[in-house]
Amino acid sequence: QVQLVESGGGLVQAGGSLRLSCVASGRTDSIDNMGWFRQAPGKEREFVACISRSGGSVYYLNSVKGRFTISRDNGKNTVYLQMNNLKPEDMGGYYCAASRNPIRLYQSVARATNYDYWGQGTQVTVSS
């Protein structure tokens, strides 16, 4: 099994920045993709960003392109999400996810059911 623990959420004004971290433990050698989903109250879970094991492939929700950057450090078993120019629409719980199998098509990395491990989430609140 794999455990994922997120951190870095908080309250920020519109236009501000946050960096989220997700640390994996357990059978981390089984992990390929690592990514982030978010969920606002009353809305379904939404894909945000994903990165392949080598870092060679990255995927983003269109509305965060140019503002968010995903990266990973496999030596630390950690994936990061740098979020700049935050907007009120970015508010919600942010959840780290990891897959056992490689996922290399956007339509697949954006599907929550293709991930095997999930963190408990970290809250991002953006004030306007």
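Residues numbered from 1 in each chain as written. Predicted model: local features only at pLDDT ≥ 70, side-chain atom pairs only at ≥ 80, totals over all residues. Heavy atoms only, no water.

S.K.: Would you mind showing me how to read the overall build of the protein chain here?
M.R.: Counting secondary structure elements, the protein chain contains 1 helix and 11 strands. Across the protein chain, helices and strands are ordered from the amino to the carboxyl terminus as β-β-β-β-β-β-β-β-β-α-β-β. Taken over C-alpha atoms, the radius of gyration comes to 13 Å for the protein chain, in line with the 14 Å a tight globule of 128 residues would show. The C-alpha extent of the protein chain, read off along each of the three principal axes, is 40 × 25 × 25 Å. The burial tally for the protein chain puts 45% of its 128 residues in the buried class. In the protein chain, of all internal contacts separated by at least 6 residues, the share reaching a separation of at least 24 is 59%. Surface exposure of the protein chain reaches about 6500 Å², of which carbon and sulfur atoms provide 44%. Side-chain charges of the protein chain comprise 14 positive and 9 negative groups, with the mean position of each set lying 2 Å from the other. (Helix = DSSP H or I, 4+ residues; strand = E, 2+ residues; numbered from the N terminus. Rg over C-alpha atoms; globule rule 2.2 N^0.38 Å. Buried < 20%, exposed > 50% of the residue type's maximum accessible area, 1.4 Å probe, protein only. Contact = heavy atoms within 4.5 Å. Areas by Shrake-Rupley, 256 points an atom, 1.4 Å probe, with all protein chains shown as cover. Lys, Arg positive; Asp, Glu negative; His and termini not counted. Charge placed at Lys NZ, Arg CZ, Asp CG, Glu CD.)

S.K.: Quick question: what am I supposed to make of the side chain of Thr 28 here?
M.R.: Looking at where Thr 28 falls in the secondary structure, it is placed in the loop between β3 (18-26) and β4 (34-39). When near neighbours in sequence (up to four residues on either side) are disregarded, Thr 28 contacts Val 2, Arg 53 and Asn 77.

S.K.: Just to check I follow, could you spell out the state of the cysteines for this structure?
M.R.: Here, disulfide denotes a covalent bond that connects the sulfur atoms of two cysteines. Counted under the stated rule, the structure contains 1 disulfide. The disulfide partner of Cys 22 is Cys 96, and the S-S distance across this bridge is 2.1 Å. Every disulfide takes its handedness from the sign of the S-S torsion; for Cys 22 and Cys 96 that torsion is -85°, giving left-handed. Placement of the pair is Cys 22 in strand β3 and Cys 96 in strand β9 (residues 92-98), with a sequence separation of 74 residues. Each member of the pair, Cys 22 as well as Cys 96, carries the same accessibility label: buried. No disulfide involves Cys 50; its nearest neighbouring cysteine sulfur is the one of Cys 96, lying 9.8 Å away. (Disulfide = S-S within 2.5 Å.)

S.K.: Just checking my understanding: could you explain the sheet that holds strand β8 (residues 78-83) for this structure?
M.R.: Hydrogen bonds along the backbone pair up the strands of a sheet, which may run parallel or antiparallel. Here we have 4 strands laid out as an open sheet, ordered β1-β3-β8-β7, and antiparallel in their pairing. Among the strands making up the open sheet, the edge pair consists of β1 (2-7) and β7 (68-73). With direction set aside, neighbouring strand axes in the sheet form an average angle of 15°. (Pairing = 2+ DSSP bridges. Axes fitted to C-alpha atoms, helices over the stretch in contact; angles between N-to-C directions.)

S.K.: Just to check I follow, could you spell out unusual backbone geometry for this structure?
M.R.: A negative phi angle is the norm for most residues apart from glycine, just as the trans form is the norm for most peptide bonds. Notably, Asn 77 is not glycine yet its phi reads approximately 50°, a positive angle. With respect to the element layout, Asn 77 can be found in the loop between β7 and β8. Not every positive phi belongs to a glycine, and Asn 85 is a case in point at roughly 50°. Relative to the assigned elements, Asn 85 resides in the loop between β8 and β9.

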